[in-house]
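Here are the chains, one letter per residue:
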Amino acid sequence: MSDRVRAVGPLREVHGPSAVGGGARRFFDLLWLLSVTEFKRTYFGTVLGYVWSLIRPLMLFGVLLFVFTKVFKIGSELPNYPVLLLLGIVLFTLFSEATQNAVTSVVSQEGVVRKTQFPRLVIPLATVLTSSFNFCLNLIVVFVFILAWGVDPTWTWLLFPFAVLALFVFTCAVSTMLSVLYVRFRDVAIIWVVLSQVLFYATPVLYPIELLEDPRIEQLLMVNPIAVIFEQVRVWILAEPAAPTAAAAAGGALHLLPAVAVYVGVCAFSVWIFNRDAPRIAEDL
Amino acid sequence: MLRALDGISFDVRQGEFFGIVGRNGSGKSTLLKLLASIYRADAGTIRMAGRLAPFIELGVGFNPDLTARENVLLNGVMMGLTPRETRARLDAVVEFAELDEFVELKLKNYSSGMLIRLAFSVMLQADADVLLIDEVLAVGDAAFQQKCADAFHDLKAGGKTIVLVTHEMTTVEEYCDRAMLIDDGSIQHIGDPAAVGRHYLQLNFERGSPEDHEATREGSDEVRLLGAWIEDADGARLTNVEHGTKLRLRVELEAMRDLPGLGVGFSIANADGIAVFDSGITVSRGDGSTELAAGERIAVSAEVENLLNPGRYFVHCGVNRAQGAGVALYVNSATDFVVFGGGPHSGIVSLPHEIEATVESGESR
């Protein structure tokens, strides 16, 4: 038999499952394919298709705009409040939708985790990528709205992609961490619903940060990396002279260090815990 | 902590069809998952050459809400192909699966047979060097099974290595070049599939007394099987028995040394290995004593009402020591016979029965 058979290559050690196992090309192919099919599935399966991905944040925007301009009057004092609100909602939707879906992602893909050698990291990242597709569509609407509102484009708009990238990376880190924690602690799902609500209010979406007036609270808020990103987006996109930069809100550039520490810490913890638990996910499920 | 596998060490050569057999919970699936990089081994090394199809079950990762085309694409990439390569093979996949008309159909509308065919077809087309398979050979109808069998032979001829986990001995004997029996997480036997099959059946037979493997070989130092056969009323040996007649089984043994006593049993199994019936008796003399001296011969005759439906049957013989001290001898397929005749019933046996139907007037309704 052996004389007809061509050797398939050298013996390599089988290392068992890992976060990215199976080669980089397969990893990215799977990530892309999974995200795209999930995105298509969500929106081709419904009557209005892609429209839904726009309607959800727009509905929230409409309700909040009404409440905060007609009922609480916070918004009516600020000229660009609707723009700020819409931008904030769309950005935060990326974070909340992706992380919310990521929590159960690994567990709900139990079949592939237990029955195939599947790079585990693909699963939470695919949910983030799917949400990012929605986000990109929403962004078109947001910018149409911003221009229609009469905001003039400035060169600082070019910095906006960096803010989105920072948010994207943070979202990936949180999603990855939650998905693997949920395998062993099912409470994570409930906790995260509450915690992401808290994060929403701890981010200047509904209110402009200067409205707080107490610098200590502003500083506290600026420990939240998402708040820092949002504040910077506001400065870069709207170019309002009244809006404090993230550094100003924190009370000096040095005071942004806690936010940076939280950001890096969450990313590092996420990488560490996923790497540690990835080989055992199939057994823990 | 549970030790699922211990001291498992074996080689599979390229181009080999290697079977892993064991009872439920023996550790065979764990072993397969280790090979597939689904579990990580706590100790030891596994080395493999070439690209592995990292599936241990067919159809994993199929999404019922997606069409066959999308699922094939996804599955192909999971198998390690690029999306482009998978698209190029899509036609071959659906053609082999005989599902050409259903490519755009969502999988939730597929029958289970269609699903398996599709999954099997993707696996074949994925062109991996090493395939791991967990009991999937019996898929589809007879025609598709034949196609699968042919495909397996092609794979082997093409230098592909296949590791098959099953508890179906017939599959192992039909396909495998070599096989390995594992039980309780350790290797019991490795080598010729037929020998592994015998060990496996023995293992199943002695389930009640697994502590003694020595005594279960054919012909132990305690007792030897002289012969087992089916005979007619005049004592002439038979290989064919008509349904509905008397089935006379005779087993002859010889004690190899002085023994306190023996129990002789037999079981009849059909061609699929399913035990249909068993019986046994404690050997005793006319005066009630059970002791046997070396060299003494024992003849056991059984007369069974032959309710078996047509087919081939195997007789396994077992000899137990006195007072439940374990198995002294076990002979797999000591003899076999074919049943013919009988009514048009399916199933293994035709049980004596009465059946009637009545028609009542519908006035009461």
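Residues numbered from 1 in each chain as written. Chains lettered and ligands numbered in written order. Predicted model: local features only at pLDDT ≥ 70, side-chain atom pairs only at ≥ 80, totals over all residues.

Visitor: Before we move on, could you go through the overall build of chain A and cite the residues and values that matter?
Guide: From N to C terminus, chain A includes 13 helices and 1 strand. Sequence-ordered secondary structure for chain A, helices as α and strands as β, is β-α-α-α-α-α-α-α-α-α-α-α-α-α. Each of the three principal axes of chain A carries a C-alpha extent, and together these read 85 × 45 × 40 Å. Burial analysis of chain A (285 residues in total) assigns 41% to the buried set. (Helix = DSSP H or I, 4+ residues; strand = E, 2+ residues; numbered from the N terminus. Buried ≥ 20, exposed ≤ 12 C-beta atoms within 10 Å, placed from the backbone.)

Visitor: Before we move on, could you go through the sheet that holds strand β3 (residues 52-53) of chain B and cite the residues and values that matter?
Guide: All names here are of chain B. Read from one edge of the open sheet, 6 strands run β3-β4-β5-β1-β6-β7, paired in mixed fashion. The open sheet has two edge strands, β3 and β7 (186-191), and neither has a second partner. By the bridge criterion, 5 bridges tie strand β6 (residues 178-183) to β7 in an arrangement that is antiparallel. Directly across from Asp183, in β7, lies its bridge partner Ser186. (Pairing = 2+ DSSP bridges.)

Visitor: Which residues make up unusual backbone geometry, and what values go with them?
Guide: Residues and elements named next belong to chain B. One non-glycine residue, Ser37, adopts positive backbone phi at about 60°. Along the chain, Ser37 turns up in the loop between α1 (28-35) and β2 (47-49). The backbone of Asp127 shows a phi angle near 60°, a positive value even though the residue is not glycine. Mapped onto the secondary structure, Asp127 falls in the loop between α4 (112-125) and β4 (130-134).

Visitor: Requested: an account of the domain arrangement of chain B, with residues and values cited.
Guide: By domain assignment, chain B separates into domain 1 (17-207) and domain 2 (212-340). Distance from the C-alpha centre of domain 1 of chain B to the C-alpha centre of domain 2 of chain B: 38 Å. (Domains from an automatic or database assignment.)

Visitor: Any chance you could break down the confidence of the model for chain B for me, citing the residues and the numbers?
Guide: All names here are of chain B. Considering every residue of chain B, the mean pLDDT works out to 82; 92% of them sit at 70 or more. Here helix α7 (residues 193-205) stands out as the element of chain B with the lowest mean pLDDT, 76, in contrast to strand β14 (residues 297-305), whose mean of 91 is the highest. Under a pLDDT of 50 for its full length, residues 208-217 has, in the predicted model, 15 contacts with residues more than four places off or in other chains. Among the prediction metrics, the complex's ipTM stands at 0.77, with pTM recorded as 0.70. (pLDDT = per-residue confidence, 0-100. Contact = placed C-beta atoms within 7 Å.)

Visitor: I'd like a description of the nonpolar core, backed by residues and values.
Guide: Inside soluble globular proteins, nonpolar side chains tend to come together where they are buried. Core analysis: the biggest nonpolar cluster contains 131 residues, and Leu87(A), Met222(A), Ala53(B), Met123(B), Leu132(B) and Leu164(B) have the highest contact counts within it. Looking at this core element by element, the count peaks at 14 residues for helix α3 (residues 81-103) of chain A. Leave out the neighbours within four places in its chain, and Met123(B) touches Ala53(B), Phe55(B), Leu58(B) and Leu131(B). Formed by 30 residues, the second largest nonpolar core is a distinct cluster that contains Ile230(B), Val251(B), Leu262(B) and Leu292(B). (Core = buried A, V, L, I, M, F, W, Y, C linked by C-beta atoms within 7 Å.)

Visitor: Kindly report on the environment of Glu210(A), identifying the contributing residues and their values.
Guide: Residue and element names in this part refer to chain A. Its place among the elements puts Glu210 in the loop between α8 (187-201) and α9 (215-221). Given 15 C-beta atoms within 10 Å, Glu210 falls into the partly exposed group. Spatially, the C-alpha atoms of Glu210 and Val144 are 26 Å apart, while their sequence positions differ by 66 residues. The residues touching Glu210, leaving out its near neighbours within four places in the chain, are Ala242 and Pro244.

Visitor: Provide a residue-level description of the interface of chain A and chain B, including the pertinent values.
Guide: With 33 residues of chain A at the interface, the matching set in chain B holds 33 residues. Of all the secondary structure elements, the ones that give two or more residues to the side of chain A that touches chain B are β1 (11-13), α1 (24-44), α5 (110-115) and α13 (281-284) of chain A. The element that contributes the greatest number of residues to the side of chain A that touches chain B is α1(A), accounting for 7 residues. Taken together, the residues of the side of chain A that touches chain B sort by class into 14 nonpolar, 9 polar and 10 charged. The sheet contact formed by β1(A) and β2(B) spans 3 bridges and is antiparallel. Bridging from a neighbouring strand, Glu13(A) pairs with Arg47(B) of β2(B). (Nonpolar A, V, L, I, M, F, W, Y, C, P; charged D, E, K, R; others polar.)

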